[in-house]
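# Descriptive structure summary
Spelled out, the chains give:
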Amino acid sequence: MKIDTFARALLHISLGALMAFAPLAVSAATQASEPVVIGEKFQIESKVLAETRSYVIYIPDSYKSGKDAYPVLVLQDPENNFAHTRAAVHLLSGNGRIPAMIIVGINNTDRARDMTPTRPAAGFGDMPWRGGVGGADKFLSFIADELLPTIDRNYRTRPYRVLVGHSFGGLFAVYALINRPEVFKGYVVISPSLWWDDQVLVKAAQPFFAAHKDLRADLYMSMADEGDAMLGGAWKLSAVLEESKLANVRWQFKRFPEEEHGTIPYISTYEGLQAVFAGYRIANPTALFEEGGLPAFERHYADVSKRLGYTVPVPARAYGDALSEMSNRERFAEAEEIGKKMLEQDPKNTWALSALAQIAAKQKDDARAIGYSTQVLQLYPGSSQARAMLVKYKVDVDKIVPTLDLSPKAVTPYVGEYRFQDEVTKVSFEKDKLIAISSFGKCELRALTQTKFYCIDIEVALQFNQDKHGRVVGVTFKWADHDEGYKKVK
């Protein structure tokens, strides 16, 4: 039996975790259309700016699944950039290229005032600049001393923060770097308006870098088809960075001449986040394992942790890819070593247990194959893979997971719609089977007790809840790493 790659077999690690990547909207066949919410809007009274400011927040779906903390991405101009930034973070983090992050988008009131560092001389740039300009210092103070402490109090956050800015927002990002470098450690600087006030920030960068040789930062800067002073400022800042030879500053400047000033944020955000978090993932787990074994995995993430300022454990995904490859090459001892390491990290990792069962079966070690498959079924009663293996070895599955046969009348009270936040689950009785349909898919429910059920092929148990009169009022989804309580609405 071939062990598939970890990415394709990820379903058997934890469907609770995978809910983060499932669509928020349930299919039209199960409910009427509903809006898909990608963020929430809040307000804060700023003493520094003497005004009320609004901001939008995106919280990763995995946030509600556990107790982990998250880096924070601060986004300028969310009016234009929030949706594609959220999509980039969602996609990249879901594929292990960057960490999942909380996004904080700061809505504008007076953009030129907040994002420009100085008030130029009259007539600069053939513009009168009659409005407010030169308020970057106050705006940075608002972010660092008012907004971010509020975010840290209300959410589980990590010390690593990223600032993303376009045009004037890119100008402000450079200002933040050379004025309060402790606030952010990552910068995505998109078509920055470094021409501002005769390149005042470029001129300030050289002495700042000279005086801060120990600076640690990750900076990505891009430019579209802009030329003249716009491009010149970026080239000059790149030259200053090159000449400064800062050992702990990773930076990159990339041009996209096929893009325009208005379209450059989309591709730059995606590429910029990957550049800021370069080295976060193990690009080729199998090659790294060949090179240094499991200690090489730990060294890699020790380096990542040191750079980000918090502990980043080795992802199960990295271990799993190496395990699959070792097994496919029939290097079973090494595959087992990796599988056992995964179980040290998470004793309830049913994917690792299933892989070890298959490895044992390949080696004709029936006892261990049965033992691992039994553990899978005890943790995940709906595993058709474990059931098939145990049946192959003539093991009575019903003795491991006794199933209770309930009459249609007994299960009828469970039929209906249940809601948890923006998730809706529909339970129906179809062809003598109780079926649950939600964003995680469709599964058959089988009874363990009168009120407790498990899904076939989806790693979740369902506990139906009753009031004191015996009426079904809700259902609790029990995933491997968290519970979710749904209220019955129909």
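Residues numbered from 1 in each chain as written. Predicted model: local features only at pLDDT ≥ 70, side-chain atom pairs only at ≥ 80, totals over all residues. Heavy atoms only, no water.

### Quick notes on helix α11 (residues 316-328)
Heads up, the condition is: Where helices and strands are cited, they refer to DSSP runs of H or I of at least four residues and of E of at least two residues respectively, numbered from the N terminus. Helices are assigned an expected span. That span is 1.5 Å times one less than the residue count.
Here α11 spans 18 Å end to end across 13 residues, near enough to the 18 Å set by a 1.5 Å rise per residue. Positive phi appears at E330, one or two residues downstream of α11, with a value of about 60°.

### With respect to the state of the cysteines
Put simply, the rule reads: A pair of cysteine sulfur atoms is labelled a disulfide when the two atoms are within 2.5 Å. Buried, partly exposed and exposed residues are distinguished by accessible area as a fraction of the type maximum, computed with a 1.4 Å probe on protein chains only: under 20%, between the cut-offs, and over 50%, respectively.
Scanning the entire structure with this criterion turns up 1 disulfide. Disulfide pairing is shown between C443 and C455; the S-S distance is 2.2 Å. Placement of C443 in strand β12 (residues 441-447) and of C455 in strand β13 (residues 452-455) is noted, with a sequence separation of 12 residues between them. When sorted by exposure, C443 lands in the same class as C455, which is buried.

### Section: helix α8 (residues 228-244)
To keep it simple, the criterion reads: Contact definition: two residues touch when any of their heavy atoms are within 4.5 Å.
The terminal C-alpha atoms of α8 lie 24 Å apart, and with 17 residues this matches the ideal 24 Å at 1.5 Å per residue to within 8%. Along its buried surface, α8 packs onto α6 (168-179), α7 (196-211), β7 (217-223) and β8 (249-255). A positive phi of about 50° marks K245, the residue just after α8.

### Overview of the sheet that holds strand β14 (residues 461-466)
Counted only if it meets this: If DSSP finds at least two bridges between two strands, the strands pair. Working convention: axes come from line fits to C-alpha atoms, limited for helices to the stretch in contact. Angles between N-to-C directions cover 0 to 180 degrees.
In space, the 8 strands of this closed barrel follow the order β9-β10-β11-β12-β13-β14-β15-β16, with antiparallel pairing throughout. Each strand axis lies, on average, 30° off the axis of its neighbour in the sheet, ignoring direction. Pairing geometry for strand β10 (residues 423-430) and strand β11 (residues 433-438), over 5 bridges, is antiparallel. Paired with K426 across the strands is I437, a residue of β11.

### Overview of the sheet that holds strand β5 (residues 157-166)
The sheet built from 8 strands is open, its strands ordered β1-β2-β4-β3-β5-β6-β7-β8 with mixed pairing. Every interior strand has two partners, whereas the edge strands, β1 (40-46) and β8, have only one. For this sheet the average axis-to-axis angle between neighbouring strands, irrespective of direction, equals 20°. Bridge analysis of strand β2 (residues 51-58) against strand β4 (residues 102-106) gives 4 bridges, and the strand direction is antiparallel. Bridge pairing in β4 links Y58 to I103.

### A word on the nonpolar core
Defined as follows: Nonpolar cores were defined as sets of buried Ala, Val, Leu, Ile, Met, Phe, Trp, Tyr and Cys residues, with membership established by side-chain atoms within 4.5 Å.
Membership of the largest hydrophobic core comes to 68 residues, with the highest contact counts inside it found for L73, V162, L273, F277 and F297. The residues contacting F297, other than those within four sequence positions of it, are I282, P285, L288, F289, V314, A318, Y319 and A322. Counting residues in each nonpolar core, the second largest holds 59 residues, with I143, L171, L194 and M221 among its members.

### Notes on the pattern of salt bridges
We apply this condition: Basic side-chain nitrogens of Lys or Arg form a salt bridge, by our definition, when they fall within 4 Å of a carboxyl oxygen of Asp or Glu.
Per the stated rule, a full pass over the model turns up 25 salt bridges. The salt bridge partner of D198 is K203, with a shortest N-O separation of 2.9 Å. Residue classification places K203 among the exposed positions, given a relative accessible area of 52%. One salt bridge connects E444 with K433, and the closest N-O pair in it is separated by 4.0 Å. Taken together, the residues span a long stretch of sequence, with E444 in strand β12 and K433 in strand β11 at a distance of 11 residues. Through salt bridges with shared partners, a single network forms among E290, E325, R329, R331 and E334.

### Looking at the packing of helix α5 (residues 136-154) against α6
Rule in force here: Convention used here: angles under 35 degrees read as roughly parallel, angles over 145 as roughly antiparallel, angles from 65 to 115 as roughly perpendicular, and any remaining angle as oblique. Side-chain classes are defined by residue name, with Ala, Val, Leu, Ile, Met, Phe, Trp, Tyr, Cys and Pro counting as nonpolar, Asp, Glu, Lys and Arg as charged, and the others, Gly among them, as polar.
For the pair α5 and α6, interaxial distance at closest approach is 11 Å and the crossing angle is 75°. Judged on the interaxial angle alone, α6 and α5 are roughly perpendicular. Seen from α5, the contacting residues are A136, D137, F139, L140 and I143; seen from α6, they are F172, Y175, A176 and N179. Along the lines of polarity and charge, the residues of the contact of α5 with α6 split into 7 nonpolar, 1 polar and 1 charged.

### Here's the deal with the pairing of β11
Buried residues dominate β11, accounting for 5 of its 6 residues. Between β10 and β11, which pair antiparallel one after the other, the connecting turn spans 2 residues, and K431 there sits at a positive phi close to 50°. Across 5 bridges, the pairing between β11 and β12 is antiparallel. When the sheet's bridge partners are listed, I435 is paired in β12 with E444. What sits between β11 and β12 in their antiparallel hairpin is a turn of 2 residues.

### Some details on unusual backbone geometry
The general pattern is negative phi for most residues beyond glycine and trans for most peptide bonds. Phi angles above zero are rare outside glycine, and S191 is one such case at about 40°. In this structure, S191 sits in the loop between β6 (186-190) and α7. Given the relative accessible area of 0%, S191 is considered buried. Even without being glycine, K431 reaches a positive phi, approximately 50°.

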